[in-house]
Amino acid sequence: MKVPFVDLKAQYSSIKTEIDSAIQAILTNTEFVTGPTVARFEEAFAKAHKVPHCVSCGNGTQALHLILWALGIGRGDEVILPSHTFFATAEAVHLAGATPVLVEVDEKTYTIDPAAVKAAITPKTKAVMAVHLYGQPADMPALKALCDAHGLQLVEDAAQAHTAAIEGTPIGGFGVAAGFSFYPGKNLGAYGEGGAVLTRDEDLAKTMRMIRDHGMAQKYHHQVWGHNYRMEGIQGAVLEVKMKHIDAWSDARRRNALYYDEYLRGIPGIQAPVAREGYRHVYHLYIIRSERRDELMEFLKERGIASGLHYPIPVHMQAPLAEFGYKQGDMPLTERICDEIVSLPMYPELTEEQIRLVCETIREFHAS
Ligand SMILES: Cc1ncc(COP(=O)(O)O)c(C=O)c1O
């Protein structure tokens, strides 16, 4: 039995009729860019996260850039973010013209460490980007208290955490705004690129709606500089259908994580993920740690089990960050995490039998 890393075909098969007719409707009504279907999706997405405004856009990177742009964060400003994240979090800061300030993550949960954030605040700091990495919310209560005390904007990078929650409150409304990605492999995935911002701030939502549409409040009346960050109608149609299933899919991911936790228990040399008490982790990725990570990945591959690396190189060691003086050795914890993590197959349709096989293979490796 082979175990793929993700299986987008399995999900499509389960909703084929609904998806095909939703796409067909767009071909017929020709609402190819934004339009009523995209607006309905925005409403459903906002409602699911109990946040009043959703501004859809072309992808998650645009969503994060849109937030910083609309907040007026730019040249001379510093934005604090974790070094352990996908590169796009830092890219959004660069696109806004601001300076990325990278910090360590918490050793157990891999989310930004509030103590490291506190130590990195300078008079130039304007915002903190909290990444809900792998589907687990960052420590938002601590970050919110810190940002409020220092007058900083708190932005959520929620690209991997659709419908995750803290003590029953969905992510998306803890800071000034939250950016989401609908890249196909995400917990809520488009059939192409897609992204969105959630915010409680009506004026900010209005500004973002203008920026994403060439700065227009009214056709051909350009109020501000903008860009073309609009969502396509077909993606809105796909996402509207998928919204009906997101809770079931998130529950399936959480169930699969429990199977992994159970079958991995007692394997020496393996560290399973740690979910914070009271937090709803939606397991975009299921990450384990092993000091023999590279050998383990090879062993799994030889037995038909796919695995991944999220991410092999910390942001502070990526080439474009050298201009800020970052180098290897600056963040020992993040560097060690990146050397030891491996992502196991994780998607809603994954079966208990497949998970048991993955875990037995890992057990066999560690017995050798
Ligand atoms: C944490 C994080 N931030 C931002 C992004 C950017 O999203 P997109 O690929 O849709 O631009 C991603 C997507 O991979 C991500 O994982």
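Here the structure is a predicted model, which is why all the values come from computation and not from measurement.

Asker: Explanation requested: the overall build of the protein chain in the structure shown.
Answerer: The secondary structure content of the protein chain amounts to 12 helices and 14 strands. In summary, the protein chain has a C-alpha radius of gyration of 21 Å against a globular reference of 21 Å for 368 residues, a match within 12%. When the backbone C-alpha atoms are referred to their principal axes, the protein chain occupies close to 70 × 55 × 35 Å. For the protein chain, buried positions account for 55% of its 368 residues. Accessible surface for the protein chain amounts to roughly 15,800 Å². Of this, 53% is attributable to carbon and sulfur atoms. Looking at charge distribution, the protein chain has the averaged site of its 36 positive side-chain charges lying 2 Å from that of its 45 negative ones.

Asker: What am I meant to see in the site of the ligand here?
Answerer: Lining the immediate surroundings of the ligand are 15 residues, of which Gly60, Thr61, Asp157, Ser181 and Lys186 lie closest. Glycine 60 places a polar main-chain atom, nitrogen or oxygen, 2.8 Å from an oxygen atom of the ligand. Between the ligand and aspartate 157, the relevant distance is 2.7 Å, taken from a nitrogen atom to a side-chain nitrogen or oxygen of the residue. Within the complex, 92% of the 390 Å² of free accessible area of the ligand lies under protein. Because more than half of its atoms lie within 2 Å of the grid, the ligand is assigned to the largest pocket. At the level of secondary structure, the elements contributing two or more residues to the shell around the ligand comprise α3 (60-71) and α4 (88-96). Residues of the shell around the ligand, tallied by class, amount to 6 nonpolar, 7 polar and 2 charged.

Asker: Would you mind showing me how to read the nonpolar core here?
Answerer: Phe45, Ile80, Ile112, Met129 and Phe182 are the most contacted members of the largest nonpolar core, which totals 74 residues. Here this core takes 6 residues from α3, the largest share from any one element. Residues lining this core come from more than one domain, with at least three contributed by each of domain 1 (8-104 + 111-243) and domain 2 (246-367). Counting 25 residues, the second largest nonpolar core, distinct from the first, contains Ala257, Phe299, Leu350 and Ile362.

Asker: Whenever I open this one, the sheet that holds strand β1 (residues 53-57) confuses me. Can you help?
Answerer: Whenever strands of a sheet pair, they do so through backbone hydrogen bonds, lying parallel or antiparallel. Strand order in the open sheet formed by 7 strands is β1-β9-β8-β5-β4-β2-β3, with mixed pairing between adjacent strands. Pairing within the sheet leaves two strands with one partner each, and these edge strands are β1 and β3 (99-103). In this sheet, neighbouring strand axes are inclined to one another by 25 degrees on average, regardless of whether the strands run parallel or antiparallel. Pairing geometry for β1 and strand β9 (residues 195-199), over 5 bridges, is antiparallel. Residue pairing for β9: serine 56 is matched across the bridge by alanine 196. With respect to the sheet, helix α7 (residues 202-211) is in contact with β1, β8 (177-181) and β9, its orientation differing from that of β1 by roughly 20 degrees.

Asker: Honestly, the pairing of strand β2 (residues 78-82) in this entry has me stumped. Any pointers?
Answerer: Across a regular strand the side chains alternate sides, sitting on one face of the sheet and then on the other. Among the 5 residues of β2, 5 are classified as buried, and the element is accordingly described as predominantly covered. Here β2 shows a buried face lined by Glu78, Ile80 and Pro82 and a second buried face lined by Val79 and Leu81. Inspection of the sheet shows β2 paired to β3 by 5 bridges, in the parallel sense. Along β3, the bridge assignment pairs glutamate 78 with threonine 99. Of the strand pairs in this sheet, β2 and strand β4 (residues 125-131) are connected by 3 bridges, and their pairing is parallel. Each bridged residue has a counterpart across the sheet, and for isoleucine 80 the counterpart in β4 is valine 128.

Asker: Mind showing me how you'd approach the pattern of salt bridges here?
Answerer: Any two side chains of opposite charge can pair if their charged atoms end up close together. Throughout the structure, instances matching the rule amount to 18 salt bridges. The salt bridge partner of arginine 303 is glutamate 302, with a shortest N-O separation of 3.4 Å. The shortest N-O distance in the salt bridge between aspartate 330 and lysine 327 comes to 3.0 Å. When its relative accessible area of 30% is taken as the criterion, aspartate 330 is described as partly exposed. Shared partners join several salt bridges into a network, and the residues in it are Glu107, Arg289, Arg336 and Glu340.

Asker: Would you mind showing me how to read the environment of alanine 39 here?
Answerer: Relative to the helices and strands, alanine 39 is located in helix α2 (residues 36-48). Judged by its relative accessible area of 35%, alanine 39 is partly exposed. Between the C-alpha atom of alanine 39 and that of alanine 205, which follows or precedes it by 166 residues, the distance is 14 Å.

Criteria and thresholds
- Residues numbered from 1 in each chain as written.
- Predicted model: local features only at pLDDT ≥ 70, side-chain atom pairs only at ≥ 80, totals over all residues.
- Heavy atoms only, no water.
- Helix = DSSP H or I, 4+ residues; strand = E, 2+ residues; numbered from the N terminus.
- Rg over C-alpha atoms; globule rule 2.2 N^0.38 Å.
- Buried < 20%, exposed > 50% of the residue type's maximum accessible area, 1.4 Å probe, protein only.
- Areas by Shrake-Rupley, 256 points an atom, 1.4 Å probe, with all protein chains shown as cover.
- Lys, Arg positive; Asp, Glu negative; His and termini not counted.
- Charge placed at Lys NZ, Arg CZ, Asp CG, Glu CD.
- Near = heavy atom within 4 Å.
- Polar contact = N/O pair within 3.5 Å; in protein donor to acceptor, adjacent residues only side chain to side chain.
- 1 Å grid on protein atoms, 1.4 Å probe; cavity = no way out; pocket = protein on both sides within 12 Å on 5 of 7 lines; lining within 4 Å.
- Sits in = over half its atoms within 2 Å of the grid points.
- Nonpolar A, V, L, I, M, F, W, Y, C, P; charged D, E, K, R; others polar.
- Core = buried A, V, L, I, M, F, W, Y, C linked by side-chain atoms within 4.5 Å.
- Domains from an automatic or database assignment.
- Pairing = 2+ DSSP bridges.
- Axes fitted to C-alpha atoms, helices over the stretch in contact; angles between N-to-C directions.
- Contact = heavy atoms within 4.5 Å.
- Salt bridge = Lys/Arg side-chain N within 4 Å of Asp/Glu carboxyl O.

In short, the description is geometric, and any link to function would need to be established separately.
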